[in-house]
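Coordinate inspection notes
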Amino acid sequence: MQPFYKTSSVHTHTTFCDGKNTPAEMAQAALEQGLKTLGFSGHIHTPPDTSYCMSVEGTAQYRAEVSRLKQEYAGRLEILCGVEYDPLAGDILPDDYDYVIGSVHAVRGKEDGKLYAVDFTTEEMQNCIMQGFGGDAAAMVREYYEQVVKVAAKKPTILGHFDLVVKTNRNGILFDEQSKWYHDIAQQALDACIEQGVCFEMNTGAIWRGWRTQAYPDDLLLRRMAEKGARLTITADAHEKDALLFGYDECARRAKQAGCKQLLVLTGRGFVAF
Ligand SMILES: [Zn+2]
Ligand SMILES: [Zn+2]
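Description of the structure in this document. (Residues numbered from 1 in each chain as written. Chains lettered and ligands numbered in written order. Predicted model: local features only at pLDDT ≥ 70, side-chain atom pairs only at ≥ 80, totals over all residues.)

A separate point is the overall build of the chain. Helices and strands together make up the secondary structure of the chain, namely eight helices and eleven strands. The C-alpha radius of gyration computed for the chain amounts to 18 Å, which stays within 12% of the reference 19 Å derived for 274 residues, consistent with globular compactness. Counting only C-alpha atoms and orienting by the principal axes, one finds that the chain spans roughly 55 × 45 × 30 Å. Burial analysis of the chain (274 residues in total) assigns 46% to the buried set. Pairs at least 24 apart in sequence give 68% of the contacts found in the chain among residues at least 6 apart. (Helix = DSSP H or I, 4+ residues; strand = E, 2+ residues; numbered from the N terminus. Rg over C-alpha atoms; globule rule 2.2 N^0.38 Å. Buried ≥ 20, exposed ≤ 12 C-beta atoms within 10 Å, placed from the backbone. Contact = placed C-beta atoms within 7 Å.)

This paragraph deals with helix α8 (residues 248-258). Within α8, burial applies to Y248, C251 and A255. Mapping the buried residues of α8 onto a view down its axis gives an arc of 60°, with all of them on the same face. Set apart from the buried face of α8 by more than 90 degrees, the exposed residues are R253 and Q257. Tucked into the core, α8 has its buried residues touching β8 (199-203), α7 (219-227) and β9 (231-235). Positive backbone phi, approximately 105°, marks G259, located one or two places after α8. (Arc of directions from axis to C-beta.)

A separate point is the packing of helix α4 (residues 137-153) against helix α5 (residues 180-195). The packing of two helices is summarised by the inter-axis angle and the distance between the axes. Where α4 meets α5, the closest approach of the two axes is 9 Å, and the angle between their N-to-C directions is 10°. The angle between α4 and α5 places the two elements in the roughly parallel class. Packed against α4, whose contacting residues are A138, V141, R142, Y145, V148, V149 and A152, the element α5 presents W181, Y182, I185, A186, A189, A192 and C193 at the interface. Considering only residue class, the contact of α4 with α5 consists of 13 nonpolar, no polar and one charged. (Axes fitted to C-alpha atoms, helices over the stretch in contact; angles between N-to-C directions. Parallel < 35°, antiparallel > 145°, perpendicular 65-115°, else oblique. Nonpolar A, V, L, I, M, F, W, Y, C, P; charged D, E, K, R; others polar.)

In terms of nonpolar packing, the biggest core is built from 80 residues, with V118, M140, Y144, V148, L159, L232 and L244 touching the most fellow members. Among the elements that make up this core, the one with the highest residue count is α4 (eight residues). Dropping the residues within four chain positions of it, L244 is found in contact with S9, T12, A29, A30, Q33, L35, A236 and A238. (Core = buried A, V, L, I, M, F, W, Y, C linked by C-beta atoms within 7 Å.)

All right, on to the packing of helix α1 (residues 23-32) against helix α2 (residues 56-72) then. At a minimum axis separation of 10 Å, α1 and α2 run at an interaxial angle of 30°. Classified by the angle between their axes, α1 and α2 sit roughly parallel to one another. Once α1 is placed against α2, the crossing between them reads as right-handed. Each of P23, A24 and A27 in α1 lies in contact with α2, whose residues at this interface are E65, V66 and L69. Grouping the constituent residues of the contact of α1 with α2 by class yields five nonpolar, no polar and one charged. (Left-handed = near helix turned anticlockwise from the far one by under 90°.)

Moving on: the pairing of strand β10 (residues 264-267). Bridge analysis of β10 against strand β11 (residues 270-273) gives four bridges, and the strand direction is antiparallel. Note that in β11 the partner of V265 across the bridge is V272. Hairpin geometry of β10 and β11 is characterised by an intervening segment of two residues between the two adjacent antiparallel strands. (Pairing = 2+ DSSP bridges.)

Rendered as structure tokens:
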């Protein structure tokens, strides 16, 4: 028997967006790994940047395929059809999925009006700070978190990778993550999101892909979540089948150490506390 928090993986991507495996391969692997619930959360179509998301036609095929798999696996594995929303898709949070992960993946430069992916390369983020924000890293960070708070206000089922803005910040090359100014901005945004009652995720995706050594969020933010009784779940942001439960045990350990009293697990009946 695996711990309850390891029976569900709901932040996953497939070949319909930027994942490596098909939904059918993911479902088969989920069953083999002992999951009870598998949620698909393909990247919603975002017209300003289509490099990583589902196409319009692909979205229809994705929904059809996930619904076919729901039937095929009925009674063995609970399959949910979700979506990872990004504000670049437009203002309205979709309401025709089983659940929605709300995430910010890009910021628009205040100076040049250009869109920069916060999770792509360090170089892109250096350009973002220099050209988009006149060299002011704090202004970029503030803009990122303002977008996150706006997404939280739309009440997604899960708020995606809260502090994604640090992803490409290797060795603090973009800004000092331990600085007071950074944590003040992040914590203020965190408090605003907690007020909205959203469920945060501990997301291990960046470890799997070699960007970070720890899951989002960082320990200071995690402790703040624990202190304020924020809702929290564990996800892998899995872009391939072998990553479905990657890093879950370490997340559970960190959550406990930070003082979190409980973790939530998304199932077909909604969140269940563990
Ligand atoms: Zn994401
Ligand atoms: Zn994702």
